[in-house]
Amino acid sequence: MSAALEYGESPLTPRETTVLREAARGASAEEIAGRLHLSAGTVRNYLTNAITRTGARNKLDAVRIAEDAGWL
């Protein structure tokens, strides 16, 4: 069974998914902000929301959970 079916639909918004995908590539909040034309604070808010929605302990855990679930 695929991870996406096991985990169900992504709890992440499209923007949270985009920001988390950039974080998965190793980009800092400032780099993500520049790429997506957002403030660094907004990027940090999206990352915090993604961490909360995935039930993760931190950003790296959120990336791992989202990748395992097939959301990224």
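Quick note: structure is the one above.
Residues numbered from 1 in each chain as written. Predicted model: local features only at pLDDT ≥ 70, side-chain atom pairs only at ≥ 80, totals over all residues. Heavy atoms only, no water.

A.B. asks: So what's going on with the environment of Ala27? Which residues, and what values?
C.D. replies: Inspection of the secondary structure puts Ala27 in the loop between helix H2 (14-24) and helix H3 (29-36). Beyond its immediate chain neighbours, meaning those up to four positions away, Ala27 contacts Glu22, Ile32, Arg35 and Lys59. (Helix = DSSP H or I, 4+ residues; strand = E, 2+ residues; numbered from the N terminus. Contact = heavy atoms within 4.5 Å.)

A.B. asks: Quick rundown of the pattern of salt bridges? Include the residues and the values.
C.D. replies: Scanning all chains against the criterion turns up seven salt bridges. Here Glu22 ties to Arg35 by a salt bridge, and the two come within 2.5 Å at their closest N and O atoms. Taken together, the positions of Glu22 in helix H2 and Arg35 in helix H3 put the pair 13 residues apart, joining distant regions of the chain. For Asp61, the salt bridge identified is with Arg64, shortest N-O distance 2.6 Å. Note that Asp61 and Arg64 are positioned in helix H5 (residues 59-69) at a spacing of three residues, about one turn of the helix. We classify Arg64 as partly exposed; its relative accessible area is 41%. Through salt bridges with shared partners, one network takes in Arg57, Asp61, Arg64 and Asp68. (Salt bridge = Lys/Arg side-chain N within 4 Å of Asp/Glu carboxyl O. Buried < 20%, exposed > 50% of the residue type's maximum accessible area, 1.4 Å probe, protein only.)

A.B. asks: Outline H2, listing residues and values.
C.D. replies: Those residues of H2 lying buried are Glu16, Thr17, Val19, Leu20, Glu22 and Ala23. In the core, the buried residues of H2 are packed alongside H3, helix H4 (40-54) and H5. Downstream of H2 by one or two residues, Gly26 has phi in the positive range, about 95 degrees.

A.B. asks: An account of unusual backbone geometry is requested, with residue identities and associated values reported.
C.D. replies: In this model, His37 sits at a positive phi of 60 degrees, which is unusual for a non-glycine residue. Relative to the helices and strands, His37 is located in the loop between H3 and H4.

A.B. asks: Help me get a handle on the packing of H3 against H4, residues and values and all.
C.D. replies: For any two helices packed against each other, the geometry comes down to the angle between their axes and how far apart the axes lie. Direction vectors running N to C along H3 and H4 enclose 110 degrees, while the axes themselves pass 8 Å from each other. Here H3 is positioned roughly perpendicular relative to H4, judged by the angle of their axes. Counted together, Ala29, Glu30, Ile32 and Ala33 of H3 and Ala40, Val43 and Arg44 of H4 form the full contact between these two elements. Each residue belonging to the contact of H3 with H4 can be placed in one class, and the counts come to five nonpolar, no polar and two charged. (Axes fitted to C-alpha atoms, helices over the stretch in contact; angles between N-to-C directions. Parallel < 35°, antiparallel > 145°, perpendicular 65-115°, else oblique. Nonpolar A, V, L, I, M, F, W, Y, C, P; charged D, E, K, R; others polar.)

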